[in-house]
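Listed below, chain by chain, are the residues.
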Amino acid sequence: VLAKQIFRKKYFQSSGTHYLHVGEIPQKTPLDQIDFNILLELSQNARISIIDLAKVCESSPALINYRLEKLETEKIIVGYRTEINLEKINRTFFKCQLYLNSFDLKKEKELFSFCNKHLDVTEYIQQIGECRNEIELQTPTYFTYNKFIEELRNKFPNEIRNISTILINKGNIRWFPTCYQCHD
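Residues numbered from 1 in each chain as written. Predicted model: local features only at pLDDT ≥ 70, side-chain atom pairs only at ≥ 80, totals over all residues. Heavy atoms only, no water.

Chemist: A description of the overall build of the chain should follow, citing residues and the corresponding values.
Modeler: Secondary structure summary: the chain contains five helices and six strands in total. Each helix and strand of the chain, ordered N terminal to C terminal, gives the series β-β-α-α-α-β-α-β-β-α-β. Within the span of the chain, comprising 184 residues, buried residues form 36% of the whole. A separation of at least 24 residues holds for 68% of the contacts in the chain among residues at least 6 apart in sequence. For the chain, the accessible area works out to roughly 11900 Å², and carbon and sulfur atoms hold 51% of it. (Helix = DSSP H or I, 4+ residues; strand = E, 2+ residues; numbered from the N terminus. Buried < 20%, exposed > 50% of the residue type's maximum accessible area, 1.4 Å probe, protein only. Contact = heavy atoms within 4.5 Å. Areas by Shrake-Rupley, 256 points an atom, 1.4 Å probe, with all protein chains shown as cover.)

Chemist: Pulling in residues and values, what's your account of the environment of Arg132?
Modeler: Along the chain, Arg132 turns up in strand β5 (residues 131–139). Residue classification places Arg132 among the partly exposed positions, given a relative accessible area of 35%. Spatially, the C-alpha atoms of Arg132 and Tyr99 are 6.5 Å apart, while their sequence positions differ by 33 residues. The residues touching Arg132, leaving out its near neighbours within four places in the chain, are Leu98, Leu100, Phe103, Glu108, Ile125, Gln126 and Gln127. A polar contact is formed between the side chain of Arg132 and the side chain of Glu108, at a distance of 3.2 Å. (Polar contact = N/O pair within 3.5 Å; in protein donor to acceptor, adjacent residues only side chain to side chain.)

Chemist: So, unusual backbone geometry: which residues are in play, and what are the values?
Modeler: We note that Lys75 has phi near 60°; this positive angle belongs to a residue other than glycine. Looking at Lys75, the relative accessible area reads 59%, which means it is exposed. Phi at Asn90 is positive, roughly 55°, even though this residue is not glycine. Along the chain, the position of Asn90 falls in the loop between α3 (61–73) and β3 (92–100).

Chemist: A description of the side chain of Arg67 should follow, citing residues and the corresponding values.
Modeler: Inspection of the secondary structure assignment puts Arg67 in helix α3. Engagement of the side chain of Arg67 in a polar contact is seen with the side chain of Asp32, the distance being 2.9 Å.

Chemist: Can you break down the packing of helix α1 (residues 33–44) against α3 residue by residue, with the values?
Modeler: Helices that pack against each other are described as a pair by the angle of their axes relative to one another and the distance between those axes. Interhelical geometry of α1 versus α3 gives an angle of 80° and a closest axis separation of 11 Å. Compared by their axis directions, α1 and α3 come out roughly perpendicular. Seen from α1, the contacting residues are Ile34, Asp35, Ile38, Leu39 and Leu42; seen from α3, they are Leu63, Ile64, Arg67, Leu68, Lys70 and Leu71. (Axes fitted to C-alpha atoms, helices over the stretch in contact; angles between N-to-C directions. Parallel < 35°, antiparallel > 145°, perpendicular 65-115°, else oblique.)

Chemist: Describe the pattern of salt bridges, with residues and values.
Modeler: This model, assessed by the stated rule, comprises nine salt bridges. Linking Arg67 and Asp35 is a salt bridge whose minimum nitrogen-to-oxygen distance equals 2.9 Å. With Arg67 in helix α3 and Asp35 in helix α1, this pair connects stretches of sequence that are 32 residues apart. An identical accessibility class is assigned to Arg67 and Asp35; each is buried. Residue Arg132 is joined to Glu108 by a salt bridge in which the shortest nitrogen-to-oxygen separation is 3.2 Å. Linking Arg132 in strand β5 with Glu108 in helix α4 (residues 105–117), this pair joins segments that are 24 residues apart in sequence. The exposure class assigned to Glu108 is buried, which follows from its relative accessible area of 8%. Connected through shared salt-bridge partners, Asp32, Asp35 and Arg67 make up one network. (Salt bridge = Lys/Arg side-chain N within 4 Å of Asp/Glu carboxyl O.)

See below:
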């Protein structure tokens, strides 16, 4: 993945086009055991209190608070997010992978803008490979998803060669890579 834009869930609040941009030139940042434990715990429970986090990390709340601020300042922690049970709000999670004929920077910006303004689009991902772009949506129905695909094909008729659809039923997302090692 080269870059990923995470949009606000506009189906809750239809105004605004704010997003979180993830993906820059990677830098190796060594983590000690405390930072590693903080990130590991937050990846599983971002709502944990500083007091409880301090207990889990076997440290003081003051030190945990300091470390959290440092991780945010160094942009190791770039945001916090809530996972929503989509079934409870009658939404379905789709990914569409775009296989493109050609794409210049102007069309790339148009595609991003199109996605950013769309009510159901939650993420826009740019990557290397045959599938250059991936769009994540949370739609009320499969019909709504198909309507989005039709709009997308009409807006970019010469650029899109093929679209693959992936229906995500349930996911167990691990937000912290288990391959990462701490450096004490």
